[in-house]
Amino acid sequence: MDLPAGVLSRRALSFVRAHGQRMPSGRARRSAEQWIKQGLDRALVQRAIDYERRWGDLYLPPSVLYNGGPKYLGPDLLVGHWSDGGYIEAGPARFSVFYDFLLGPDGVFGVGDVEFVPLYGSVEGWIESLALENEIRSMANEIRRFKGSEVSSLDLSAMVPFPGISGISDSWLMNDGQIVFVSRGISLISGHLDDVVAIVYSGIPDREASLGLWPS
């Protein structure tokens, strides 16, 4: 599979190669002139083409949240409210949701309804999160899910960010005994505290070796 070099961790690269499938379509390249005729900025169209060249038509397993996430990575439609703000589509949703998956002008990966909510510093951050989620769910002996006000009961003050994942509204945290995924993205769009989710993974055998968490 043709993938960008040097931008993914070993874990994410193995995940993509083992579970991903890339079926290049050239949609953005073929649609470029039509988009420009419709009034889209040439620089925005070129960003879409560059994104398609880098990650386009990459199908990955679903996430446990966001109704699985994008069906595949790559720009499909640019025309509309988001393109006026310099955003491109990160990939179409798998199922009907009230938000779009977007890449901001600075390359940040996020979701948008009326406002844009950044989830990760880049689309690579989304891929890294998927890879860790896939690996850790098969290893953890205990998985607990908290929602809304229940998340406030968790003491996350002593936890540190999991290395290599550029989380913003969504984040992976860790301490000596647990790894916690906290997702605030949908809550920030909907305005409802009940949409905050935390998933706590514990009981991971030989965690340092299995997840590559060697001390520096």
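Residues numbered from 1 in each chain as written. Predicted model: local features only at pLDDT ≥ 70, side-chain atom pairs only at ≥ 80, totals over all residues. Heavy atoms only, no water.

How would you explain the packing of aromatic side chains if you had to name every residue and give the values?
Within the structure shown, the criterion is met by 13 aromatic pairs. Judged by centre distance (5.0 Å) and plane angle (85°), the rings of F98 and Y99 are edge-to-face. Given a relative accessible area of 7%, Y99 falls into the buried group. Put simply, the rings of Y66, F98, Y99, F101, F109, Y120 and W126 touch in pairs and so form one group of aromatic residues. (Phe/Tyr/Trp six-rings, centres within 6.5 Å; stacked < 30°, edge-to-face > 60°. Buried < 20%, exposed > 50% of the residue type's maximum accessible area, 1.4 Å probe, protein only.)

How would you explain the side chain of R22 if you had to name every residue and give the values?
Mapped onto the secondary structure, R22 falls in strand β1 (residues 21-22). A polar contact of 3.1 Å, which involves the side chain of R22, links it to the backbone oxygen of R54. Only 2.8 Å separates the side chain of R22 from the backbone oxygen of G56, close enough to count as a polar contact. Aside from chain neighbours lying at most four places away, what touches R22 is M1, D2, L3, E52, R53, R54, W55, G56, D57 and L58. (Helix = DSSP H or I, 4+ residues; strand = E, 2+ residues; numbered from the N terminus. Polar contact = N/O pair within 3.5 Å; in protein donor to acceptor, adjacent residues only side chain to side chain. Contact = heavy atoms within 4.5 Å.)

Talk me through unusual backbone geometry; I want residue IDs and the actual numbers.
With phi around 55°, Y66 is a residue other than glycine that occupies positive phi space. Inspection of the secondary structure assignment puts Y66 in the loop between β2 (58-59) and α4 (81-84). Judged by relative accessible area, which is 5%, Y66 ranks as buried. A positive phi angle, near 50°, is found at N67, a position not held by glycine. For N67, a relative accessible area of 44% puts it in the partly exposed group.

Help me get a handle on the sheet that holds strand β6 (residues 116-120), residues and values and all.
Sheet strands pair by backbone hydrogen bonding; their relative direction is either parallel or antiparallel. Here we have four strands laid out as an open sheet, ordered β3-β4-β5-β6, and antiparallel in their pairing. Unpaired on one side and paired on the other, β3 (88-91) and β6 mark the two borders of the sheet. The sheet shows a mean angle of 45° between the axes of neighbouring strands, direction not considered. Across three bridges, the pairing between β3 and strand β4 (residues 100-103) is antiparallel. The residue of β4 that forms the bridge with G91 is F101. Running over the sheet, helix α3 (residues 42-55) touches β3 and β4 and is turned about 15° from β3. Along the sheet face, helix α5 (residues 123-139) touches β4, β5 (109-112) and β6 and points at about 55° away from the line of β6. (Pairing = 2+ DSSP bridges. Axes fitted to C-alpha atoms, helices over the stretch in contact; angles between N-to-C directions.)

Any details on the packing of helix α1 (residues 10-19) against α5? Residues and values, ideally.
In the contact formed by α1 and α5, the axes pass within 9 Å of each other and the chain directions differ by 80°. Accordingly, the angle class assigned to the pair α1 and α5 is roughly perpendicular. On α5, the residues that touch R11, A12, F15, V16 and H19 of α1 are I127, E128, L130, A131, L132, N134 and E135. (Parallel < 35°, antiparallel > 145°, perpendicular 65-115°, else oblique.)

Kindly report on the sheet that holds strand β9 (residues 170-174), identifying the contributing residues and their values.
Pairing is antiparallel in the open sheet, where five strands are placed in the order β7-β11-β10-β9-β8. At either end of the open sheet lies a strand with only one pairing partner, and these are β7 (142-147) and β8 (160-161). In the packing of α5 onto the sheet, contacts are made with β7, β9, β10 (178-183) and β11 (197-202), and the angle to β9 comes to roughly 45°.

How would you explain the nonpolar core if you had to name every residue and give the values?
In terms of nonpolar packing, the biggest core is built from 53 residues, with W55, Y66, F109, I127 and W172 touching the most fellow members. Ranked by residues supplied to this core, first place goes to α5 with seven residues. Setting aside residues no more than four positions away along its own chain, W55 makes contact with L3, P4, V7, L8, R22, L73, V123, E124 and I127. Of all hydrophobic cores here, the second largest spans nine residues; its members include V151, V180, V182 and A198. (Core = buried A, V, L, I, M, F, W, Y, C linked by side-chain atoms within 4.5 Å.)

Mind laying out the environment of D100, listing which residues take part and the relevant values?
Relative to the elements of secondary structure, D100 occurs in strand β4. Of the residues examined, D100 reaches a relative accessible area of 35% and is grouped as partly exposed. Sequence separation of D100 and L60 is 40 residues, and the distance between their C-alpha atoms is 17 Å. Polar side-chain contacts of D100 include one of 3.1 Å to the side chain of W82.

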